[in-house]
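# An overview of the molecular structure
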Amino acid sequence: MAQIALKEIAHTYISNPKDESDYALKRIHTEWEDGGAYALLGPSGCGKTTLLNVISGLLTPSQGRVFYDGKDVTRLPPEKRNIAQVFQFPVLYDTMSVYNNLAFPLRNRGLEEGEVKKRVLEVAEILELTPFLNKRAAGLAADAKQKISLGRGLVRSDVAAILFDEPLTVIDPHLKWHLRRKLKEVHEQLKLTLIYVTHDQVEALTFADQVMVMYEGELVQIGTPQELFENPQHKFVGFFIGSPGMNFLTCTLEGTNARVDGASIVIDEEMAALGQKAQGKLEIGIRPMYLEVHAQSVEGSVPAKVKALEDQGSFKILTVDLAGNILRARLSEGQTVPQNEAWLRFPARWTKLFADGRLVNTESDI
Amino acid sequence: MEKWQNNKAWFLVLPAFIIVAFSAIIPLMTVVNYSIQDIFGPGESVFVGTEWFEEMLSNYRLHDALWRQFMFSGLVLLIEIPLGIMIALAMPKRGWGVSACLVSLALPLVIPWNVIGTIWIIFTRPDIGLFGVGINSLGLLGDTFDHTARPLYAWITVLIMEVWHWTPLVALLCYAGLRAIPEAYYEAARIDGASSWATFRYIQLPKMRGVLTIAVLLRWMDSFLIYSEIFTLTGGGPGNTTTFLSIYLVKLATMQFDLGPAAAFSLIYFVIVLLFCFAFYQALLNVGKGEKV
């Protein structure tokens, strides 16, 4: 087990990078605590897998250093780091039995057969693979195969962290839930550091204590699921987390009022003051669930046109047009749905100001 | 739902049946026809039953040719398959080297077969051939390397020619098989601390099983049927030492004009090739029983 630290990591696949856009990873500087469950969340191509491969040692970063428990491992190959990795598609040694698959990493490290057997049986018990031990690994279902991949990591008693690269992609939906729960169980039982890469926010938010959101090679926010939801540090986080994502409106500031094409919205005083100083394009953002919708005009509300209504079962999504900007609001079940015209109120607590895509922060910086 | 009770569906098989009939069954039947009759000329034939077959089966020259053939094809597989795998493993995976390797490997495959025989005649000539002169000037052999003089040298020449000609095919097939292995397997192997031998034994070799099956079958059949190159290079000699089945068959049929025995021989030949292909196929299929991904 180990604490993992990345210091000023950057990586490019191009031999002569010209500017920042040539980098797959741009200045990643962070730490993973020992025994934590982390999710690395981001869209395809944002650099998640690259970052994972830098941690496991499959890739040597162009710049920066990787530390395990304070020890510099940047130049060490994966087999010298105590790390296990589970890939998107189950990787098995087809010609071997499940038992031999699980024993493989131990035998490669020259462990004596008695110890190998003890470890393999232990891990098979945890992963509920005992009945399959003598079967050929290739004949099993995808979820069992993925458990074997995980098992090959768990058998090594010295393993510092297990990295998952979208491990549930090929698993049937009804088994996903089961396998995810199994992962949590394993985590609680063995207290290993787990780093889980995914582009599925539900997976990330349910699995991890800390979610790290990646966007175009950068870690844009690290936080608990609640923090990501309530205080997105970057426009991308607001947009990516939550379904539907955050609403954004381009605005200008006038005192504590944000003006959006003639409509005036009151925002937090402190935030507005900081916003006056901020550079770049200003936008306000609000989550659909915090955007209040009224059938009549109330204090501080602005009128908008109703465009569409989607029934999602336990809630409804109302699409409105505010001076040419499309906004979505989440209505609870019993709420009356306004026809044609709706009055929107932006609660100051949940209305966030963004300058050039980054949150104008009233608390601490990232 | 009730089933339709007529046999019209058979008509759908008809086109395929006609094509196969003209391409395989009718020519084959001609051979069968010759093998059970003694034909002197148009309209003059005598039914001889299994006489030709009995004659051929007890023909010691055929036994010798058959034995030589097994020896040759066996050696070909033993050399070409491991060599092909090694070449495929050593080939670059990206960059300009890939195209360079592929093109140079494919070269022997596109040369007409009788030209290959001619190339090797000249190449190994002890007076002017690069190989012949080269090996003789080393002076390691007790006598002159001349494939027309000693059976051993004839065999070595024939085998080197065959290996040069066809190993590229095995290598290309294996290379395609290797390239199809997802990168994650290699990454997992590295993380599991597998040695390069273990990686080969447990990842690359099992994943190449499909292409290797094809390579073994193709090389077995082709080497078992080899004719043009050897006919050009040695003509079956010195003596009869490189007279393989097809060479003996052609001698029998066209030089001695013994059509009946030759036809019987052809059928025996055909059955042998078929039997071995079946055996190889079954064996390779069962090596990894139940391990289909």
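About the criteria used
Residues numbered from 1 in each chain as written. Chains lettered and ligands numbered in written order. Predicted model: local features only at pLDDT ≥ 70, side-chain atom pairs only at ≥ 80, totals over all residues. Heavy atoms only, no water. Helix = DSSP H or I, 4+ residues; strand = E, 2+ residues; numbered from the N terminus. Rg over C-alpha atoms; globule rule 2.2 N^0.38 Å. Buried < 20%, exposed > 50% of the residue type's maximum accessible area, 1.4 Å probe, protein only. Contact = heavy atoms within 4.5 Å. Areas by Shrake-Rupley, 256 points an atom, 1.4 Å probe, with all protein chains shown as cover. Buried area = accessible area lost by both parts, 1.4 Å probe. Salt bridge = Lys/Arg side-chain N within 4 Å of Asp/Glu carboxyl O. Polar contact = N/O pair within 3.5 Å; in protein donor to acceptor, adjacent residues only side chain to side chain. Nonpolar A, V, L, I, M, F, W, Y, C, P; charged D, E, K, R; others polar. Core = buried A, V, L, I, M, F, W, Y, C linked by side-chain atoms within 4.5 Å. Axes fitted to C-alpha atoms, helices over the stretch in contact; angles between N-to-C directions. Parallel < 35°, antiparallel > 145°, perpendicular 65-115°, else oblique. Left-handed = near helix turned anticlockwise from the far one by under 90°. pLDDT = per-residue confidence, 0-100. Pairing = 2+ DSSP bridges. Arc of directions from axis to C-beta. Phe/Tyr/Trp six-rings, centres within 6.5 Å; stacked < 30°, edge-to-face > 60°. Lys NZ or Arg CZ within 6 Å of the ring centre and 35° of its normal.

## Overview of the overall build of chain B
Helix and strand counts for chain B stand at 13 helices and 2 strands. Compactness check: chain B gives a C-alpha radius of gyration of 24 Å against a globular reference of 19 Å for 293 residues, more than 25% above the reference. Principal-axis analysis of the C-alpha atoms gives chain B an extent of 80 × 75 × 30 Å. Within the span of chain B, comprising 293 residues, buried residues form 40% of the whole. Taking all contacts inside chain B whose residues are at least 6 apart in sequence as the whole, residues at least 24 apart take part in 67%. Working note: accessible area of chain B is about 16,400 Å², and carbon and sulfur atoms make up 71% of it.

## Observations regarding the interface of chain A and chain B
Chain A puts 26 residues into the contact, and the matching count from chain B is 22 residues. In total, chain A and chain B occlude about 1,900 Å² of area from one another, counting both sides; carbon and sulfur atoms represent 57% of this. It is Tyr93, Asp94 and Thr95 of chain A that lose the most area in chain A upon contact with chain B, and together they represent 25% of the buried surface on that side. In this assembly, chain A and chain B are joined by 2 salt bridges. With a shortest N-O distance of 2.7 Å, Asp192 of chain B and Arg152 of chain A are connected by a salt bridge. There are 7 residue pairs in polar contact (both at pLDDT 80 or more) connecting chain A and chain B. For the side of chain A that touches chain B, the secondary-structure elements that each account for two or more residues are strand S6 (83-86) and helix H2 (98-108) of chain A. In terms of residue class, the side of chain A that touches chain B is made up of 14 nonpolar, 6 polar and 6 charged.

## Overview of the nonpolar core
Core analysis: the biggest nonpolar cluster contains 57 residues, and Met56, Ile81, Met208, Phe224 and Phe265 of chain B have the highest contact counts within it. A per-element tally of this core places helix H13 (residues 259-287) of chain B first, with 9 residues. The contacts of Met56 of chain B, once residues within four sequence positions are left out, are Leu62, Tyr248, Leu252, Pro261, Ala264, Phe265 and Ile268 of chain B. Residues Leu140, Val155, Val159 and Ile162 of chain A belong to the second largest nonpolar core, which totals 48 residues.

## Quick look at the packing of helix H7 (residues 151-179) of chain B against helix H10 (residues 209-224) of chain B
All names here are of chain B. Relative orientation of the contacting elements H7 and H10 amounts to 160°, with a least axis distance of 9 Å. Judged by the angle between their axes, H7 and H10 are roughly antiparallel. As for the relative orientation of H7 and H10, their crossing is right-handed in sense. Together, Glu162, Trp166, Leu169, Val170, Leu173, Cys174 and Gly177 of H7 and Val211, Leu212, Ile214, Ala215, Leu218, Arg219, Asp222 and Ser223 of H10 make up the contact between the two elements. When grouped by side-chain class, the residues that make up the contact of H7 with H10 number 10 nonpolar, 2 polar and 3 charged.

## Digging into the packing of H2 of chain A against helix H4 (residues 142-154) of chain A
Residue and element names in this part refer to chain A. Close contact between H2 and H4 brings their axes to 7 Å; oriented N to C, the two are set at 35°. Of the two possible hands of crossing, H2 and H4 adopt the one that is right-handed. In this structure, H2 uses Val98, Asn101, Leu102 and Pro105 to contact H4, whose residues at the interface are Ile148, Gly151 and Arg152. Split by residue class, the contact of H2 with H4 holds 4 nonpolar, 2 polar and 1 charged.

## Points about the confidence of the model for chain A
Looking at chain A, pLDDT values average 83 and 98% of them are 70 or higher. Helix H9 (residues 269-277) of chain A is the least confidently modelled element of chain A, averaging 79 in pLDDT, while H2 of chain A averages 89, the highest of any element.

## Quick look at the sheet that holds strand S14 (residues 263-266) of chain A
All names here are of chain A. Ordered in space as S12-S13-S14, the 3 strands form an open sheet in which the pairing is antiparallel. The open sheet is flanked by strand S12 (252-254) and S14, the only strands paired with a single partner. Averaged over all pairs of adjacent strands, the angle between their axes in this sheet comes to 35°, without regard to strand direction. One ladder, built from 4 bridges, connects strand S13 (residues 257-260) with S14; its direction is antiparallel. Note on S14: the bridge partner recorded for Val260 is Ala263.

## Overview of helix H4 (residues 96-106) of chain B
Residues and elements named next belong to chain B. Three or more residues of H4 are buried, namely Gly97, Val98 and Leu105. Down the axis of H4, the buried side of the element spans an arc of 105°, and every buried residue falls inside it. Among the exposed residues of H4, those pointing more than 90 degrees away from its buried face are Trp96 and Val103. Structurally, H4 contributes buried residues whose contacts are with helix H3 (60-90) and H7.

## A few points about H2 of chain A
Counted residue by residue, H2 of chain A has 8 buried out of 11 residues, so it is predominantly covered. If you check which residues of H2 of chain A are buried, you get Val98, Tyr99, Asn101, Leu102, Ala103, Phe104, Pro105 and Leu106 of chain A. Looking at the buried positions of H2 of chain A, the neighbouring elements they touch are helix H3 (113-126) and H4 of chain A together with helix H9 (196-207) of chain B. Backbone geometry just downstream of H2 of chain A places Gly110 of chain A in the positive-phi region, at approximately 75°.

## Concerning the sheet that holds strand S2 (residues 23-32) of chain A
Residue and element names in this part refer to chain A. Spatially, 4 strands are ordered S2-S1-S4-S5 in an open sheet, and the strand pairing comes out antiparallel. What marks the edges here is a single partner per strand, and that holds for S2 and strand S5 (71-72). Alignment of strand S4 (residues 63-68) against S5, held across 2 bridges, turns out to be antiparallel. Across the sheet, the residue bridging to Phe67 is Asp72, located in S5. Contacts from helix H1 (residues 48-56) reach strand S1 (4-12), S2 and S4, with the element oriented near 55° to S2.

## Focus on the packing of aromatic side chains
Scanning the model with the defined rule gives 29 aromatic pairs over all chains in all. Between Trp120 of chain B and Phe123 of chain B the ring centres are 5.1 Å apart and the planes differ by 85°, which places this aromatic pair in the edge-to-face class. Here the residue Trp120 of chain B and the residue Phe123 of chain B both occupy positions in helix H5 (residues 113-124), the gap between them amounting to 3 residues, near one helical turn. An aromatic cluster of at least three residues, connected via ring pairs, comprises Phe70, Trp220, Phe224, Tyr248, Phe265, Tyr269, Phe276 and Phe280 of chain B. Directly above the aromatic system of Phe67 of chain A lies the positively charged group of Lys7 of chain A, at a separation of 4.6 Å from the ring centroid. Directly above the aromatic system of Tyr153 of chain B lies the positively charged group of Arg150 of chain B, at a separation of 4.8 Å from the ring centroid.

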